[in-house]
Amino acid sequence: QNKRAMLNNTYLAAVHAAEKADNYQIGYDALDLSLNYGVTQKNGEYIRFRLMLTNNSVVKFLDAQKFDEARKLIFSEMDAGVLSQSDLLKLYRSVTVKECNLLYNQKEYKQAIEKTLDCLEYMPKDKVLVSNLKVYYMGYVDYLKTNAKPSEIKAVIAEAQKRYTNEKAFQDLTGESIPY
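Attention here is on the structure that accompanies the text. Given the structure is predicted, the values throughout are model-derived calculations rather than measurements.

1. Remarks on the overall build of the protein
So, step 1. When helices and strands are counted, the protein shows 9 helices and 0 strands.
So, step 2. Counting all 180 residues of the protein, 38% fall into the buried class.
So, step 3. A fraction of 57% describes how many contacts in the protein between residues 6 or more apart in sequence connect residues 24 or more apart.
So, step 4. A total of about 10,700 Å² of accessible surface is found on the protein, and carbon and sulfur atoms cover 50% of it.

Take a look at the structure:
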C-alpha cells in the first residue's frame, strides 16, 4: 500500500515538474527513469500518469496554437505504443478540430479541408470531422465564387460531390451560377 502511494506521488511529481518547467519531455524522462530503476512496470498507474502528462501537454500546445507540436507529441506517443490508440486519436481529433476551426475563421479553407482529411484517414467515420469538413467545403465554395476562376470552383465542387454523394447541399451545387 505504501509502495503504491509512493509510486503515485513520484508519478504525480514528474507530471507537475514537467508542467512547471513547461517541458513535457522532463515528465516522460522521469516516468521512464522509474522504469529503469525497477520501481515499476508499465502498469495502470504508469499509463494513467503518462496519459495525464500527454493530455496536459497537448492542451498547453493548443492554448499556444502550436498545433504541429501537439501532433508531433501525439504521433510519438503512438509510436511508443504505451497509451491506447483510441485515447491518442481523440487527442488528434481535438487538435485537428481546434486548428481547422481557426483556419476556417481565417478563411484558410483549403488548409482546413486538407488537415481534416488527414485526420479522417485515422477516423473515417468520426461525425464531428465529417460534419466540419462539409462546412469547410461550403465555405470554400462560397469564398471561391468571388476569388477564383470558374474552373477552380467547379473542381472544388466536384471534389465535394464525389466525397458526399448523398449530400443534397453538394449535389445542388453545379457551378452554373458562377460568374464567368
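2. Things to note about the nonpolar core
So, step 1. Residues Leu31, Val58, Ile74, Val95, Ile113, Leu133 and Tyr137 are the most contacted members of the largest nonpolar core, which totals 48 residues.
So, step 2. No other element matches the 8 residues that helix α5 (residues 85-105) contributes to this core.
So, step 3. With sequence-adjacent residues up to four places away left out, isoleucine 74 is seen in contact with Val58, Leu88, Leu91, Tyr92 and Val95.

3. Digging into the packing of aromatic side chains
Two measures describe an aromatic ring pair: the distance that separates the ring centres and the angle between the ring planes.
So, step 1. Within this structure, the stated rule accounts for 8 aromatic pairs.
So, step 2. Look at phenylalanine 75 and tyrosine 92: their rings are 5.1 Å apart centre to centre, the planes differ by 70 degrees, and that puts the pair in the edge-to-face class. With phenylalanine 75 in helix α4 (residues 67-80) and tyrosine 92 in helix α5, this pair connects stretches of sequence that are 17 residues apart.
So, step 3. Clustering of aromatic rings is evident, with ring pairs tying together Tyr104, Tyr109, Tyr136, Tyr140 and Tyr143.

4. Overview of the side chain of aspartate 126
So, step 1. Among the secondary structure elements, aspartate 126 is positioned in the loop between α6 (109-120) and α7 (127-147).
So, step 2. A distance of 2.9 Å separates the side chain of aspartate 126 from the backbone nitrogen of leucine 129, its partner in a polar contact.
So, step 3. Excluding its chain neighbours within four sequence positions, the residues that come into contact with aspartate 126 are Arg93 and Leu120.

5. Overview of unusual backbone geometry
So, step 1. In the Ramachandran plot, glutamine 65 falls in the positive-phi region, its phi being about 55 degrees despite a non-glycine side chain.
So, step 2. By secondary structure assignment, the location of glutamine 65 is in the loop between α3 (44-63) and α4.
So, step 3. Exposure remark for glutamine 65: the relative accessible area of 48% places this residue in the partly exposed category.
So, step 4. Here the phi dihedral of lysine 107 falls at roughly 60 degrees; this positive angle occurs in a residue that is not glycine.
So, step 5. Locating lysine 107 in the fold gives a position in the loop between α5 and α6.
So, step 6. By relative accessible area, which is 49% here, lysine 107 ends up partly exposed.

Cut-offs and rules
- Residues numbered from 1 in each chain as written.
- Predicted model: local features only at pLDDT ≥ 70, side-chain atom pairs only at ≥ 80, totals over all residues.
- Heavy atoms only, no water.
- Helix = DSSP H or I, 4+ residues; strand = E, 2+ residues; numbered from the N terminus.
- Buried < 20%, exposed > 50% of the residue type's maximum accessible area, 1.4 Å probe, protein only.
- Contact = heavy atoms within 4.5 Å.
- Areas by Shrake-Rupley, 256 points an atom, 1.4 Å probe, with all protein chains shown as cover.
- Core = buried A, V, L, I, M, F, W, Y, C linked by side-chain atoms within 4.5 Å.
- Phe/Tyr/Trp six-rings, centres within 6.5 Å; stacked < 30°, edge-to-face > 60°.
- Polar contact = N/O pair within 3.5 Å; in protein donor to acceptor, adjacent residues only side chain to side chain.

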